[in-house]
Amino acid sequence: MSQVTLLEEITQWSVEICQQELRSVLPKLLSIYHHTADWDEYIRVLKILTQMFLPHLSLTELEGEFFSKVLPKVVKMFNDLTEEISNQVGELSSQNIELRVLLRNILQIMVQVLEALSGCVRHICSFEENLASFDSIRSLPSCILKILKNTFQHCKESETAYQGRLSLVADLLQALFKEAYSLQKGFMELLDRISLGNSATEEEVSDMVTVIHSLLDICSVISNLDLAMHANTWKFIVKQSVKYQVLLEDQLRHSDIVSSLCDDVLASFHSCMELAEQMKQSGVQESSQSAECKFFQKTAKICRFFANTLVHYIKEFQPFLSKSCGQFHRLYLQIYSKFPPSLSSPVISERHCNEISNVLVPMDPFITQLLPFRPFAEAVLAEEQQSCPELCLPQCLLLVNILGKLPSLPEDVLDLWCQGSQFPEETPRLSVFQALFLSFQRCSLERAIPILLPGVMMNGQAQSKVTLYQHVCIQLSACIASLPSAHFSQLEHSLLGALLSSDVQTALLATDVWCFLARFGTAELCQHHGMIIAHLIKSCPGDCYQLSHLALLLRRMIFLMTPNHQVQFISKFSPKEAENLTLWQHVLLKALSLDVRKQVEEDIMKSATAVCASWMEEGCKLGQLEKVNTALSAMLSVRQGSGQVLESEAEQSVSRLVTQLWPRISVKQVLTQPALQCTLRQLLCLSATAVQCIDHQVICQALTCLTSLLPLKCPDDIVLAALDLLASLGRLFIPPEIQSQVLPKLSSLFSSLLAEGSWLLHQCTLEAFAQFAEVTNHEHVIPESLASEETKNKVVKFLSKAVHLEENKEERLERLKSERCVIERHRHRLETGAVEVTGDAEPCPKRPRQETCEEEQYEMVLQTAENALKTLQSLTEQTPPPQWVAARLQSLQTQITHINQVKLKGT
């Protein structure tokens, strides 16, 4: 009997005949099956085998009699079919009818292969007893999984493979996918019926591991094909992994599993954000039942499912996930880098923002269960974090989130996060406090915008939005309130490091938190910290940004001290001793209780006056100016911080000192001596506070000095101090006899400063000019100071408080981004002491000649004489001098001649 005749006859058999002839006919059919090369005959034989004879085999016979002999060729033939499509599809067109028929026939055969495999699965599931192992179906799982992956891969690549000819085979591709979907669903139900005991063999365990890993590979293929199938596949993978956890945990590719889950969480989250952004842009009604809204809801549901699945898997297999902690950390950062209030987040509606926020609820237990895991702590607290700017804010918010969880953690976990690495052999990590301050420092752009975050709950109602600064400060303070004292040393170490940061807002944050710690703790703790800060200030080497940050904290600490502790502080650092003026120049005296404040002010004034008097008595040496500058600064702190008028004796001492110092200021030396620049700055500020009691001639000297100095591009801090003096002159009435000396200089100085190109100096000049103009009696100075129409318009706009906002949100963001680079370079220079070199930079000036003490004295005396002569010349030009002046000038000429003769003899 020929093969064709046999096949025709078999197709006519009843169920009973098939059962009777099974043993005799099955070998013949298998022979035909293996030797046929025709695809149509192949599928015909496969269908006969699976539909007519498979149902008559018992469970114990399936593998040996059928699957092991049939399924290997199924895989080979299916691969051949897909390969043939790949080879031929390039020539497919509506005109090429023969090729179209061929490809459609191949796709139909592929569908029929899947149907045959589904029949195998259904037959196995028809048995009442569950499978105790893979022995009865060992060849089936690998066959189905390979064909499923091949099928889904073909469907996924179909748009690219068929290009514009997809419509010619779309119906069959849809049928192919539908049948593969059905096969996978049935196959997973079959696997769910397998029950491996704890005594399962290594081979059985290996089979289950292979199934899980193969389904994992399929997940990566179907992720963009069907959301429901993708989710169900993951559900099965995790379910089986947990079900056989004891057997499989050492063999599963945990890193690959959680990596794929992380990718799916991130991809579905990005899809949610993109859909929300599109609906915002297109104006789709949020409450409508549109297709877009339904798809968004479905995507959000899938995203939450993936997140919950990841949390569940981590809970079960955490000890095996140490290598994945870096990815867990990145996942959190990547999600929140694209979610409001991140600056990289797309613009979405508030409703969608709330919905996606609910989707991300599992991210909180995700973090919570990782907190006791050392590798995760090492990843989050690593000293070197990713430098991508958009990840800085998520890192900061993650650390704030962790801070909120610290109080509920066991002691050993608290040590892990609060102590940082303790030994060289440990992976280096910061404490959570250090990491928080560092991440906050890197969020310069978010602070500048500023971004807003939800406030804390108060009385059951949410507080209004708060800035990142406020958010971090509140949460860090709340953490400190419940932090065991054993961790205060690390906290204090972190606070001091942040306080000494070159970033001002980071230092301010540390100051605020430190003051909370001082108020929350005992009075003795506050006193102890105040003493430490005072010693640090005294040990600071010169003027630096760290000193100003320490001084700010000390000023606030003294406010928080009890009166008795203030007295002890004064006793420890007595203002009667000149060496302590270094400290008292930074103290805000109104922080002291009234009963000691007056005495402290008197002691500071006496000590400072004595230092300056001693300096002048010893010849006004430049090398000793540092002490004078400290004394002037301390005296200035008394003047500025005094809430009441000083005693007449103190007023006179300030007036006398200012009068003595101004003639000793040399414009030439100011430009080359940083110490003298500091002296001039302090003298300008001191003159501004005591302008009412200073001789008008001294004011004229000061204005003359500024007139000569400002055009020479002096340091900005001197200009700012000069503006203080100029503004204060508005309160002063200039006598008519010297108005011609003072007022022209005053208007000239204002005019040049109002034309300043630096926006900071220009703004400060406008403020100083407005203060002067508001109170001055010499109103004609105002129009004389407005040298140009442009300057006049700027002043008018400033006085009228007219604000012109020309930047939109995007422009402002771009400007702040560019400024961030400049600020970061500046901070780097401050911290490293590096000097930025530009292409057009001028060569460094030669080292100035070092003068001896005697030369310094000669220079100071001659500068004083020159300034006095300039003032005298100015007087003679304005009014005729008295007759006796000529005789005095002749006497001075004789003295000068005598001095020159002495010099000639000496040489």
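Residues numbered from 1 in each chain as written. Predicted model: local features only at pLDDT ≥ 70, side-chain atom pairs only at ≥ 80, totals over all residues. Heavy atoms only, no water.

1. With respect to the overall build of the chain
Next up, step 1: Scanning the chain from terminus to terminus reveals 42 helices and four strands.
Next up, step 2: For the chain, whose C-alpha radius of gyration is 43 Å, the value lies well above the compact-globule estimate of 29 Å for 907 residues.
Next up, step 3: If one aligns the C-alpha atoms of the chain with their principal axes, the spans along those axes are about 155 × 65 × 65 Å.
Next up, step 4: Counting every position in the chain, which comprises 907 residues, the buried fraction comes to 48%.
Next up, step 5: Taken together, the 77 basic and 101 acidic charged side chains of the chain have centroids lying 4 Å from each other. (Helix = DSSP H or I, 4+ residues; strand = E, 2+ residues; numbered from the N terminus. Rg over C-alpha atoms; globule rule 2.2 N^0.38 Å. Buried < 20%, exposed > 50% of the residue type's maximum accessible area, 1.4 Å probe, protein only. Lys, Arg positive; Asp, Glu negative; His and termini not counted. Charge placed at Lys NZ, Arg CZ, Asp CG, Glu CD.)

2. Things to note about the side chain of Gln527
Next up, step 1: Tracing the backbone shows Gln527 in helix 25 (residues 523-539).
Next up, step 2: Leave out the neighbours within four places in its chain, and Gln527 touches Met561, His565 and Gln568. (Contact = heavy atoms within 4.5 Å.)

3. Thoughts on the nonpolar core
Next up, step 1: Within the largest apolar cluster, 292 residues are counted, with the highest numbers of intra-cluster contacts made by Val74, Phe328 and Trp417.
Next up, step 2: Those residues in contact with Val74, other than ones at most four positions away along the chain, are Tyr33, Tyr42, Leu46, Val113, Leu117, Cys143 and Ile147. (Core = buried A, V, L, I, M, F, W, Y, C linked by side-chain atoms within 4.5 Å.)

4. A few points about the pattern of salt bridges
Next up, step 1: Within this structure, the stated rule accounts for 22 salt bridges.
Next up, step 2: When the shortest N-O distance is used, the salt bridge between Glu61 and Arg23 registers 2.7 Å. Here Arg23 lies in helix 2 (residues 15-35) and Glu61 lies in the loop between helix 3 (39-53) and helix 4 (62-88), a separation of 38 residues in the sequence.
Next up, step 3: As a salt-bridge pair, Arg374 and Glu426 come within 3.1 Å of each other at their nearest N and O atoms. Here Arg374, found in helix 17 (residues 374-380), pairs with Glu426, found in the loop between helix 19 (411-418) and helix 20 (432-442); they are 52 residues apart in sequence, far enough to count as distant.
Next up, step 4: Relative accessible area serves as the criterion here: at 18%, Glu426 is assigned to the buried category.
Next up, step 5: One network of salt bridges, in which partners are shared, links Asp135, Arg138, Glu203 and Asp207. (Salt bridge = Lys/Arg side-chain N within 4 Å of Asp/Glu carboxyl O.)

5. Details of the packing of aromatic side chains
Next up, step 1: Applying the stated rule across the entire model yields 17 aromatic pairs.
Next up, step 2: Both rings, one in Phe569 and one in Phe573, keep their centres 5.1 Å apart while their planes meet at 50 degrees; by these two values the pair is tilted.
Next up, step 3: Exposure remark for Phe569: the relative accessible area of 1% places this residue in the buried category.
Next up, step 4: Clustering of aromatic rings is evident, with ring pairs tying together Phe269, Tyr332, Tyr336 and Phe339.
Next up, step 5: One cation-aromatic arrangement involves Lys73 over Tyr33; the distance from NZ or CZ to the ring centre is 5.4 Å.
Next up, step 6: Between the NZ or CZ atom of Arg447 and the centre of the ring of Phe440, over which it lies, the distance is 4.7 Å. (Phe/Tyr/Trp six-rings, centres within 6.5 Å; stacked < 30°, edge-to-face > 60°. Lys NZ or Arg CZ within 6 Å of the ring centre and 35° of its normal.)

6. Considerations on the environment of Ser548
Next up, step 1: Within the fold, Ser548 resides in helix 26 (residues 545-560).
Next up, step 2: Considered as a pair, Ser548 and Val504 are 44 residues apart in the sequence and their alpha carbons are 9.9 Å apart.

7. Structural notes on helix 2
Next up, step 1: The end-to-end C-alpha separation of helix 2 is 26 Å, well short of the 30 Å expected for 21 residues at 1.5 Å each.
Next up, step 2: For helix 2, the principal kink sits at Leu22 and spans about 80 degrees.
Next up, step 3: Listed as buried for helix 2 are Cys18, Leu22, Val25, Leu26, Leu29, Leu30, Ile32 and Tyr33.
Next up, step 4: In this structure, the buried residues of helix 2 make contact with helix 1 (3-10), helix 3 and helix 4. (Expected span 1.5 Å × (residues − 1). Bend = angle between axes of the 7 residues up to and from the residue.)

8. Quick notes on the side chain of Ser607
Next up, step 1: Along the chain, Ser607 turns up in helix 29 (residues 594-617).
Next up, step 2: Ser607 sits in the buried class, given a relative accessible area of 7%.
Next up, step 3: Among the polar contacts listed, one links the side chain of Ser607 to the backbone oxygen of Pro575, at a separation of 2.7 Å.
Next up, step 4: Ignoring any residue separated from it by four or fewer positions in sequence, one finds Ser607 in contact with Pro575, Lys576, Glu577 and Leu581. (Polar contact = N/O pair within 3.5 Å; in protein donor to acceptor, adjacent residues only side chain to side chain.)

9. Quick notes on the confidence of the model for the chain
Next up, step 1: In this model, the chain carries an average pLDDT of 88, and 92% of its residues clear a pLDDT of 70 or more.
Next up, step 2: Segment residues 835-853 is flagged for pLDDT under 50; beyond a separation of four residues in sequence, or across chains, it makes nine contacts in the model.
Next up, step 3: A low-confidence stretch, residues 903-907 (pLDDT under 50), is modelled with zero contacts involving residues beyond four sequence positions or located in other chains. (pLDDT = per-residue confidence, 0-100.)

10. Here's the deal with the packing of helix 24 (residues 504-520) against helix 25
Next up, step 1: Where helix 24 contacts helix 25, the axes come no closer than 7 Å and their chain directions differ by 140 degrees. One element, helix 24, and the other, helix 25, form an angle in the oblique class. Along the contact surface, helix 24 presents Trp514, Leu517 and Ala518, while helix 25 presents Leu525, Cys526, His529 and Ile533.
Next up, step 2: Across the contact of helix 24 with helix 25, the residue classes break down as six nonpolar, one polar and no charged. (Axes fitted to C-alpha atoms, helices over the stretch in contact; angles between N-to-C directions. Parallel < 35°, antiparallel > 145°, perpendicular 65-115°, else oblique. Nonpolar A, V, L, I, M, F, W, Y, C, P; charged D, E, K, R; others polar.)

11. Observations regarding unusual backbone geometry
Next up, step 1: A cis geometry characterises the amide bond from Pro340 onward to Pro341, with omega recorded as 10 degrees.
Next up, step 2: Its location among the elements puts Pro341 in the loop between helix 14 (325-337) and helix 15 (350-359).
Next up, step 3: Here Cys620, not a glycine, exhibits a phi torsion of approximately 55 degrees, which is positive.
Next up, step 4: Assignment of secondary structure puts Cys620 in the loop between helix 29 and helix 30 (625-641).

12. Examining the packing of helix 34 (residues 696-709) against helix 35 (residues 716-728)
Next up, step 1: Running from amino to carboxyl end, helix 34 crosses helix 35 at an angle of 145 degrees, the nearest separation of the two axes being 12 Å. Crossing geometry of helix 34 relative to helix 35 is assigned as left-handed. Counted together, Ala702, Leu703, Leu706 and Leu709 of helix 34 and Ile718, Ala722, Leu725 and Leu726 of helix 35 form the full contact between these two elements. (Left-handed = near helix turned anticlockwise from the far one by under 90°.)

13. Digging into helix 25
Next up, step 1: Between its first and last C-alpha atoms helix 25 spans 25 Å; for 17 residues at 1.5 Å apiece the expected length is 24 Å, and the two agree.
Next up, step 2: Among all positions of helix 25, only Leu525, Cys526, Gln527, His529, Gly530, Met531, Ile533, Ala534 and Ile537 are buried.
Next up, step 3: The elements touched by buried residues of helix 25 are helix 23 (488-499), helix 24, helix 26, helix 27 (563-572) and helix 28 (581-584).

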